[in-house]
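# Chains, contacts and geometry: an overview
The residues making up each chain are set out below.
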Amino acid sequence: MVWKSSNAATVWVKSTMPVNRSSRLKPFVCALFLALSMLKSAAPALGQERQTVGLELVLLIDVSASVSAREFRFQIDGLAAAFRSPVVLDAVQASGGIAVCVVQWAQRAHQFKSVEWMHLHNENDAQQFAGQIKSIARILPTGQTAIGNALVFALSELNTNPYRGLRRVIDLSGDGRSNDGVLLKQARTFVLQNDVTINGLAILNEVADLKQYFRDQLIGGPGAFVLAARDYSDFARAIHDKLAREIGSTPVVGTTNSSATINAQAEETRRFDSVSVR
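Scope of this entry: the structure provided in the associated data block. Keep in mind that this is a model prediction, so the values were computed, not measured.

## Section: the overall build of the protein chain
- Summing up its helical and strand segments, the protein chain has 9 helices and 8 strands in all.
- Out of the 278 residues belonging to the protein chain, those deemed buried represent 55%.
- Considering only intrachain contacts with a sequence separation of at least 6, the fraction spanning at least 24 residues in the protein chain is 78%.
- As presented, the protein chain carries roughly 11,500 Å² of accessible surface, and 53% of it is formed by carbon and sulfur atoms.

Spelled out as structure tokens, the structure:
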């Protein structure tokens, strides 16, 4: 079984990979799978010169079976609108530049990079990126919820793109708990060991306590946080606030305030972590 992205990064998974049942999936098997996956996916980046940016950001959007066609459009339209927002545009320009891509995800073998990596440093770039988002078609029409596999796929993208971020962030949006593929706990640990921050956007239309689940089981790394949308109609508001916060805390390339910026973001996370959905 093969996961494919639109560039050379490809993660190989044996067709016999156990499903997400903790009683049957042995930790060492999972760890071996992750190690082999990253060895395979990192190979194309070796020896390449990488441009420094303030932030590398992978945006993971949920296209599992629980997401209807209408709800998919809410995600796409909301994400595109966010990159056209003056608040987000100001954050992008103030950062000195970010690198970002968009990935659709569902079950264990279903991840697809829908918008290639792009370097955004001004309004024209952001508008172009928003236009590419608006044109996204749903490649993965159904499937279970393999959050762990989505994280590993996102890490492979971070390791093989042409940029080197002062911060590396995976931004996962979803409406359910992980129920397929590699165990979330194992994948999360592996990703965090690679100096990546995982943020979450919980869509609460089906699982009322999903924000708490994301806080306990998903997010991690410096300044990690989770926000929530009441339902898909609230997604545009939530993703706008999330991107403004993620990009707004990006270290500026060419300055020496990277650690201070990340510490400030961590403090902001502690201060606002108790805020519920508006």
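## Regarding the packing of helix H2 (residues 69-83) against helix H4 (residues 123-134)
- Where H2 contacts H4, the two axes come as close as 8 Å, and the packing angle between them is 175°. Considering their axes alone, H2 and H4 lie roughly antiparallel with respect to each other. Residues Arg73, Ile76, Asp77, Leu79, Ala80 and Phe83 of H2 touch H4, and the partners they reach there are Ala126, Phe129, Ala130, Ile133 and Lys134.
- In terms of residue class, the contact of H2 with H4 is built from 8 nonpolar, no polar and 3 charged.

## Remarks on the pattern of salt bridges
- A full pass over the atoms with the stated rule returns 12 salt bridges.
- Its salt-bridge partner being Glu56, residue Arg50 comes within 3.8 Å of it at the nearest N-O pair.
- Owing to a relative accessible area of 23%, Arg50 belongs among the partly exposed residues under this scheme.
- Between Arg237 and Asp241 there is a salt bridge; the shortest N-O distance is 3.5 Å. Taken as a pair, Arg237 and Asp241 lie in helix H8 (residues 235-248) at a separation of 4 residues, close to a single helical turn.
- Several salt bridges converge on common partners, so that one network encompasses Arg230, Asp234, Arg237 and Asp241.

## Focus: helix H7 (residues 210-218)
- Listed as buried for H7 are Leu210, Lys211, Tyr213, Phe214 and Leu218. The buried residues of H7 occupy one face: seen down the axis, they fall within an arc of 160°.
- Buried residues belonging to H7 abut helix H5 (147-160), strand S6 (163-174), helix H6 (184-192), strand S7 (197-203) and strand S8 (226-229).

## Let's talk about the pairing of strand S4 (residues 98-105)
- Among the 8 residues that make up S4, 8 are buried, leaving the element largely enclosed by the rest of the structure.
- Here S4 shows no split at all, with Ile98, Val100, Val102 and Gln104 on one side and Ala99, Cys101, Val103 and Trp105 on the other all buried.
- Where strand S3 (residues 51-62) lies against S4, 8 bridges are found, and the strand directions are parallel. Paired with Glu56 across the two strands is Ala99, which belongs to S4.
- Pairing of S4 with strand S5 (residues 111-120), which is carried by 7 bridges, proceeds in the antiparallel orientation. Within S5, the position partnered with Ala99 by the bridge is His119.
- Where S4 folds back on S5, the antiparallel hairpin that results is connected by 5 residues.

## A short note on the packing of aromatic side chains
- What the rule picks out here adds up to 2 aromatic pairs.
- Each ring, one from Tyr213 and one from Phe214, has its centre 6.2 Å from the other, and the planes form 45°; the classification is tilted. Here Tyr213 matches Phe214 in class, with each residue buried.
- Sitting over the ring of Phe225, Lys242 keeps its end group 5.6 Å from the ring centre.
- Note that Arg245 overlies the ring of Phe225, its terminal NZ or CZ placed 3.9 Å from the centroid.

## With respect to the nonpolar core
- With 38 residues, the main nonpolar core has Leu79, Phe83, Val102, Phe129, Ile133, Leu243 and Ile247 as its most contacted residues.
- Elements supplying a minimum of two residues to this core: S3, H2, helix H3 (86-95), S4, S5, H4, S7 and H8.
- When near neighbours in sequence (up to four residues on either side) are disregarded, Ile133 contacts Ile76, Leu79, Ala80, Phe83, Val102 and Val115.
- Counting residues in each nonpolar core, the second largest holds 33 residues, with Ala150, Leu155, Tyr163 and Ala224 among its members.

Conventions adopted
Residues numbered from 1 in each chain as written. Predicted model: local features only at pLDDT ≥ 70, side-chain atom pairs only at ≥ 80, totals over all residues. Heavy atoms only, no water. Helix = DSSP H or I, 4+ residues; strand = E, 2+ residues; numbered from the N terminus. Buried < 20%, exposed > 50% of the residue type's maximum accessible area, 1.4 Å probe, protein only. Contact = heavy atoms within 4.5 Å. Areas by Shrake-Rupley, 256 points an atom, 1.4 Å probe, with all protein chains shown as cover. Axes fitted to C-alpha atoms, helices over the stretch in contact; angles between N-to-C directions. Parallel < 35°, antiparallel > 145°, perpendicular 65-115°, else oblique. Nonpolar A, V, L, I, M, F, W, Y, C, P; charged D, E, K, R; others polar. Salt bridge = Lys/Arg side-chain N within 4 Å of Asp/Glu carboxyl O. Arc of directions from axis to C-beta. Pairing = 2+ DSSP bridges. Phe/Tyr/Trp six-rings, centres within 6.5 Å; stacked < 30°, edge-to-face > 60°. Lys NZ or Arg CZ within 6 Å of the ring centre and 35° of its normal. Core = buried A, V, L, I, M, F, W, Y, C linked by side-chain atoms within 4.5 Å.

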